[in-house]
Amino acid sequence: MTRTGQTLYTLLVAFIASLLTLLAVHLLGPDTTPPVVEGDEGITHEELARHASEDDCWMAIHGVVYDFTKYLPRHPTPIEDDCGTDASHGWDTKGTGRPHSRRAHDMLPDYRIGVLAGEGSP
C-alpha cells in the first residue's frame with residue numbers, strides 16, 4: 001500500500017471510530033423521558049399557559065408538567081421565557097444541541113406536579 005493509501009485508510013478508520021463513539025454516547029446517554037406516574041393530575045394546555053411568570057412558572061417536558069418557580073433563581077441560565085409552555089425542545093437541547101445532565105434529570109421528580117391532559121393522563 002502506498003503512503004497516500006495508508007493515510008486515507010487511517011483517516012477512514014478514525015472517521016468510522018468517531019461515528020461509532022457518537023452513536024454509543026447517544027444511545028447510552030440519559031433517558032430524557034420521565035415515566036408517567038399513576039395518579040398524576042391531568043393539566044390542560046390552557047392551565048399550563050396560566051403559569052407563565054417568574055413568580056408562577058410551570059413547564060411541560062415530554063408530557064409531564066413541573067413547577068419550577070422555586071428553582072428559577074438557581075438555574076444557571078435564564079429560562080423564564082419557557083414558563084407556561086412545552087419546554088421539551090429546550091430540555092433536550094439546552095439551546096446548544098446538548099441534552100441536560102443526568103443530575104438535572106434526577107432533579108425533575110422534585111418539581112413534578114402532573115401530566116398534560118390527553119398525553120397519558122388519567
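Cut-offs used in this document
Residues numbered from 1 in each chain as written. Predicted model: local features only at pLDDT ≥ 70, side-chain atom pairs only at ≥ 80, totals over all residues. Heavy atoms only, no water. Helix = DSSP H or I, 4+ residues; strand = E, 2+ residues; numbered from the N terminus. Buried < 20%, exposed > 50% of the residue type's maximum accessible area, 1.4 Å probe, protein only. Contact = heavy atoms within 4.5 Å. Areas by Shrake-Rupley, 256 points an atom, 1.4 Å probe, with all protein chains shown as cover. Phe/Tyr/Trp six-rings, centres within 6.5 Å; stacked < 30°, edge-to-face > 60°. Pairing = 2+ DSSP bridges.

**Quick look at the overall build of the protein chain**
Inference 1: Scanning the protein chain for helices and strands turns up 4 helices and 6 strands.
Inference 2: Counting from the amino terminus, the protein chain carries its helices and strands in the arrangement α-β-α-β-β-β-β-α-α-β.
Inference 3: Classification of the 122 residues of the protein chain by burial places 30% in the buried group.
Inference 4: Here the contacts in the protein chain between residues at least 6 apart in sequence split such that 68% fall between residues at least 24 apart.
Inference 5: Taken as a whole, the protein chain presents about 8300 Å² of accessible surface, with 59% of it coming from carbon and sulfur.

**A word on the packing of aromatic side chains**
Inference 1: Under the definition given, this model contains 3 aromatic pairs.
Inference 2: Note on F68 and Y111: the rings are 5.5 Å apart at their centroids and 50° apart in plane angle, and the pair reads as tilted. Of this pair, F68 sits in the loop between β4 (64-67) and β5 (85-86) while Y111 sits in the loop between α4 (102-107) and β6 (112-116), and the two are 43 residues apart along the sequence.
Inference 3: For Y111, a relative accessible area of 14% corresponds to the buried category.

**Looking at the pairing of β6**
Inference 1: Counting buried positions along β6 yields 4 of 5 residues, so the element is predominantly enclosed.
Inference 2: In the sheet, strand β1 (residues 42-43) pairs with β6 via 2 bridges, with the strands oriented parallel. Bridge pairing links G42 to V115 in β6.
Inference 3: One ladder, built from 3 bridges, connects β4 with β6; its direction is antiparallel. In the strand pairing of β6, V64 is matched with V115.

**A closer look at unusual backbone geometry**
Inference 1: One non-glycine residue, H62, adopts positive backbone phi at about 50°.
Inference 2: Along the chain, H62 falls in the loop between β3 (56-61) and β4.
Inference 3: Of the residues examined, H62 reaches a relative accessible area of 30% and is grouped as partly exposed.
Inference 4: Located in the positive-phi region is K94, a residue other than glycine, with phi close to 50°.

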